[in-house]
Amino acid sequence: MTFVRPEPGPDLGAARPVPHTPSGLFPSGPPARPTYREPHPITGGGVAAGGGAAAGWLLLFGLLGTDVASYAWWTVVAGLLAWVTALVLVRYGDRGVATGVAIVTAGGWSIAAAVVAVRWATSGDWPLW
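Computed from a predicted model, the values in this text were never measured in an experiment.

This part covers the packing of helix α1 (residues 44-62) against helix α2 (residues 68-92). Helix packing geometry: the angle between the two helix axes and the distance between the axes. The N-to-C vectors of α1 and α2 enclose an angle of 145°; their axes lie 8 Å apart at closest approach. Relative to α2, α1 is oriented so that their crossing is right-handed. Contacts between α1 and α2 pair W57, L58, F61 and G62 from the former with Y71, W74, T75, V77, A78, G79, L81 and A82 from the latter. Its residues assigned to classes, the contact of α1 with α2 comprises 9 nonpolar, 3 polar and no charged.

So, about helix α3 (residues 95-123). Taking 1.5 Å per residue as the helical rise, α3 with its 29 residues ought to reach 42 Å, and the 42 Å between its terminal C-alpha atoms agrees with that figure. Here α3 has its buried residues at G96, A98, G100, V101, T105, G108, A112 and V116. Buried positions along α3 lie against α1 and α2. Between a side-chain oxygen at the N-terminus of α3 and the backbone nitrogen of G96 the separation is 3.0 Å; the capping residue is D94. At the C-terminal side of α3, G124 shows a positive phi close to 80°.

Conventions and cut-offs
- Residues numbered from 1 in each chain as written.
- Predicted model: local features only at pLDDT ≥ 70, side-chain atom pairs only at ≥ 80, totals over all residues.
- Heavy atoms only, no water.
- Axes fitted to C-alpha atoms, helices over the stretch in contact; angles between N-to-C directions.
- Helix = DSSP H or I, 4+ residues; strand = E, 2+ residues; numbered from the N terminus.
- Left-handed = near helix turned anticlockwise from the far one by under 90°.
- Contact = heavy atoms within 4.5 Å.
- Nonpolar A, V, L, I, M, F, W, Y, C, P; charged D, E, K, R; others polar.
- Expected span 1.5 Å × (residues − 1).
- Buried < 20%, exposed > 50% of the residue type's maximum accessible area, 1.4 Å probe, protein only.
- Polar contact = N/O pair within 3.5 Å; in protein donor to acceptor, adjacent residues only side chain to side chain.

Functional significance is not addressed by these values, which are geometric in nature.
This is the structure:
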């Protein structure tokens with residue numbers, strides 16, 4: 001029979017160095033709190049693309065109007081469809097494009113409101129009914 005010597009275990013009596021806690025003045029590792037980053041950042045190109053698409057969309061619908069009233073109503077309908085598209089893009093697509101669509105749509109509605117207000121001011125008759 002052979003005698004097998006057991007493997008030496010960890011030396012529990014050995015002195016270990018005390019871990020040094022940094023003061024924080026000079027960080028020695030990664031930040032204590034996580035850094036959150038946007039998974040899909042909004043870029044200028046996306047905003048410009050959405051703005052250009054919305055401008056073309058509003059222009060096409062605005063050209064369907066034959067007078068001030070029909071221009072204003074076509075612009076309202078086109079803007080509502082554009083905003084629904086922007087909401088879908090915010091949820092499932094590129095939020096930069098959605099931002100451009102929303103900004104240009106608001107501008108298009110402002111132009112239509114100004115046209116209606118000028119016609120109302122000059123004629124004295126409300127042009128939308």
